[in-house]
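Topology and contacts: notes
If you want the building blocks of each chain, they are given just below.
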Amino acid sequence: GYEWSEWSSQGFCVFTNLSPGKYTFRVRSQDFYGNISPEDQISLRISAPVYFTWWAYLIYALIILTFIYLLRRLKTIKDLQKRYKLEEIIQERTEALIKEKEKSENLLANILPKNIEDELKSTGKATSSKFKMVTVLFADIQGFTKIAEQMNPEKLIDELDRFYFQFDSVVEKFNIEKIKTIGDAYMAAGGIPIKNRTNPVEVVLAALQMQKYMKDLKKTKTDIWDLRIGIHTGSVIAGAVGQKKFSYDIWGDTVNT
């Protein structure tokens, strides 16, 4: 059902806030004498706004889905970035650990013979061994005590370091094991830790090269020290000693002689 509006002398009417849908507009007129005309009607349809259409809702859904996808994609990218950064940190730290391990191994290799190093790594201790034929070399500076009293300490250490560096090169060349340095004394031995029967010759040749190096220096510098070298061949006991700071050493009458 419907109800008629009040009579009006205006030739138009206004409707607001109509919902989308189909409508029928009914109209009739009345003359001065009160005669009412037959009813006339007009059918009309009010369309929904563009933003309320089905395809608008579809676009909204697509936008929402795209937004959700982008959010998830962004989260995935951030997770990948974090993972990549974490992997980079792990890789850097692993490389640093490998480098430190290499440094430690190189340092250990410079302090101890390879077989002693391997034994320490595997068992935590090294056994002593007896060698029947080892050639021991001692080298020291003649009058070193007096030189040390008169010389600047830093220059003294630099000079000793220069000589020892050269001696290290010589003993390495002849497969001789450097044992230690004590002050100006340089100690090395051939025939350990790998046994051989040529060590007397190799140690003598190394000693001659050490002497030649010092003599050649003396030709250009007058303040080069005189080098004394003592060599003896015999049996020794060799092994690594120490708990935290290991050192490879040899003992026996051959060493004392």
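Residues numbered from 1 in each chain as written. Predicted model: local features only at pLDDT ≥ 70, side-chain atom pairs only at ≥ 80, totals over all residues. Heavy atoms only, no water.

Things to note about the overall build of the chain
The test is simple: Counting from the N terminus, the helices are DSSP H or I runs at least four residues long and the strands are E runs at least two residues long. For this analysis, residues touch if any pair of their heavy atoms sits within 4.5 Å. In these tables, accessible area is a Shrake-Rupley quantity obtained with a 1.4 Å probe, and a residue counts as shielded only by the protein chains included in the view.
In terms of regular secondary structure, the chain is built from six helices and seven strands. Along its sequence from the N terminus, the chain presents helices and strands in the succession β-β-α-α-β-α-α-β-β-α-β-β-α. Relative to all contacts within the chain whose residues are 6 or more apart in sequence, the contacts with residues 24 or more apart total 59%. Summing over all exposed atoms, the chain offers an accessible surface of approximately 19700 Å²; the carbon and sulfur share of this is 57%.

Points about the packing of aromatic side chains
Formally: Pairing of aromatic side chains requires ring centres within 6.5 Å, counting the rings of Phe and Tyr and the six-membered ring of Trp. Pairs whose planes differ by under 30 degrees are stacked, by over 60 edge-to-face, and all others tilted. To sort residues, take the accessible area from a 1.4 Å probe on protein chains only and compare it with the maximum for the residue type: under 20% means buried, over 50% means exposed, and anything in between is partly exposed.
Here the structure, examined in full by the defined rule, presents five aromatic pairs. On the basis of an interplanar angle of 85 degrees and a centroid distance of 6.0 Å, the ring pair of Tyr-57 and Tyr-60 is categorised as edge-to-face. Here the residue Tyr-57 and the residue Tyr-60 both occupy positions in helix H1 (residues 54-111), the gap between them amounting to three residues, near one helical turn. By relative accessible area, Tyr-60 is classed as partly exposed at 35%.

Here we look at the nonpolar core
Operational definition: Nonpolar cores were defined as sets of buried Ala, Val, Leu, Ile, Met, Phe, Trp, Tyr and Cys residues, with membership established by side-chain atoms within 4.5 Å.
Phe-167, Tyr-186, Met-210 and Trp-225 are the most contacted members of the largest nonpolar core, which totals 26 residues. Ignoring anything within four residues of it in the chain, the contact list for Tyr-186 reads Leu-137, Phe-138, Ala-139, Tyr-164, Phe-167, Asp-168, Val-171, Lys-178, Lys-180, Thr-181 and Met-210. In terms of nonpolar packing, the next biggest core, distinct from the first, is built from twelve residues, Ile-179, Ile-192, Ile-250 and Val-255 among them.

With respect to the sheet that holds strand E4 (residues 177-182)
Put simply, the test is: Two strands are counted as paired when DSSP detects at least two bridges linking them. All axes are obtained by fitting lines to C-alpha atoms, using only the stretch in contact for helices, and the reported angles, taken between N-to-C directions, cover 0 to 180 degrees.
Pairing within the open sheet is antiparallel, and its five strands lie in the order E4-E5-E3-E6-E7. Each edge of the open sheet carries a strand with a single partner, namely E4 and strand E7 (247-251). Each strand axis lies, on average, 40 degrees off the axis of its neighbour in the sheet, ignoring direction. Here E4 runs beside strand E5 (residues 185-190); their pairing, made up of five bridges, is antiparallel. Bridging across to E5, Ile-182 finds its partner in Ala-185. Packed onto the sheet, helix H4 (residues 153-173) meets strand E3 (129-141), E4, E5 and strand E6 (227-241) and runs at close to 5 degrees relative to E5. This element, helix H5 (residues 199-220), spans E3, E5 and E6 of the sheet and lies at about 135 degrees to E6.

Details of H4
Rule in force here: Under the convention used throughout, the expected extent of a helix is 1.5 Å for every residue step, that is, one less than its residue count. Regarding the arc, it is the one traced by the directions from the helix axis to the C-beta atoms.
Taking 1.5 Å per residue as the helical rise, H4 with its 21 residues ought to reach 30 Å, and the 30 Å between its terminal C-alpha atoms agrees with that figure. Looking at H4, one finds that the buried residues are Leu-156, Glu-159, Leu-160, Phe-163, Tyr-164, Phe-167, Val-170 and Val-171. In a view along the axis of H4, the buried residues occupy a sector of 130 degrees, so they form one face of it. In this structure, H4 carries Glu-154, Ile-157, Asp-158, Asp-161, Phe-165, Glu-172 and Lys-173 as exposed residues pointing more than 90 degrees from its buried face. Buried residues belonging to H4 abut E3, helix H3 (144-150), E4, E5, H5 and E6. Positioned one or two residues after H4, Asn-175 has a phi angle of 55 degrees, which is positive.

Here's the deal with the side chain of Asp-249
Quick note on the threshold: Throughout this description, a polar contact denotes any pair of N or O atoms lying within 3.5 Å of each other; where both atoms belong to protein, one of them has to be capable of donating a hydrogen while the other can accept it, and for residues adjacent in sequence the pair is counted only when both atoms sit in side chains.
Its location among the elements puts Asp-249 in strand E7. Separated by 3.0 Å, the side chains of Asp-249 and Lys-180 make a polar contact. Once residues lying within four places of it in the same chain are set aside, the contact partners of Asp-249 are Ile-179, Lys-180, Met-187, Ile-237, Ala-238 and Gly-239.

Focus: the packing of H4 against H5
Let me state the cut-off plainly: Helix crossings get a hand from a simple test, with the near helix turned counterclockwise from the far one by less than a right angle marking a left-handed crossing and a clockwise turn marking a right-handed one. As a working rule, the residues Ala, Val, Leu, Ile, Met, Phe, Trp, Tyr, Cys and Pro are called nonpolar, Asp, Glu, Lys and Arg charged, and the rest polar, with Gly in that last group.
The N-to-C vectors of H4 and H5 enclose an angle of 145 degrees; their axes lie 9 Å apart at closest approach. As for how H4 packs across H5, the hand of that crossing is right-handed. Only Ala-206, Gln-209, Met-210, Tyr-213, Met-214 and Leu-217 of H5 make contact with H4, whose side of the interface consists of Arg-162, Phe-163, Gln-166, Phe-167, Val-170, Val-171 and Lys-173. Split by residue class, the contact of H4 with H5 holds nine nonpolar, two polar and two charged.

Digging into the pattern of salt bridges
Once their charged atoms are close, side chains differing in charge can pair, the charge on each being opposite to the other. Basically, it comes down to this: What counts as a salt bridge is simple: a side-chain nitrogen of Lys or Arg found within 4 Å of a carboxyl oxygen of Asp or Glu.
By the definition in use, this model includes nine salt bridges. A salt bridge links Arg-83 to Glu-87, with the nearest nitrogen and oxygen atoms 3.4 Å apart. Within this pair, Arg-83 and its partner Glu-87 are both found in helix H1, separated by four residues, close to a single helical turn. In this structure, Glu-159 engages Arg-162 in a salt bridge whose closest nitrogen and oxygen atoms are separated by 2.8 Å. Placement of both Glu-159 and Arg-162 in helix H4 is noted, with a separation of three residues, approximately one turn of the helix. Of the residues examined, Arg-162 reaches a relative accessible area of 31% and is grouped as partly exposed.

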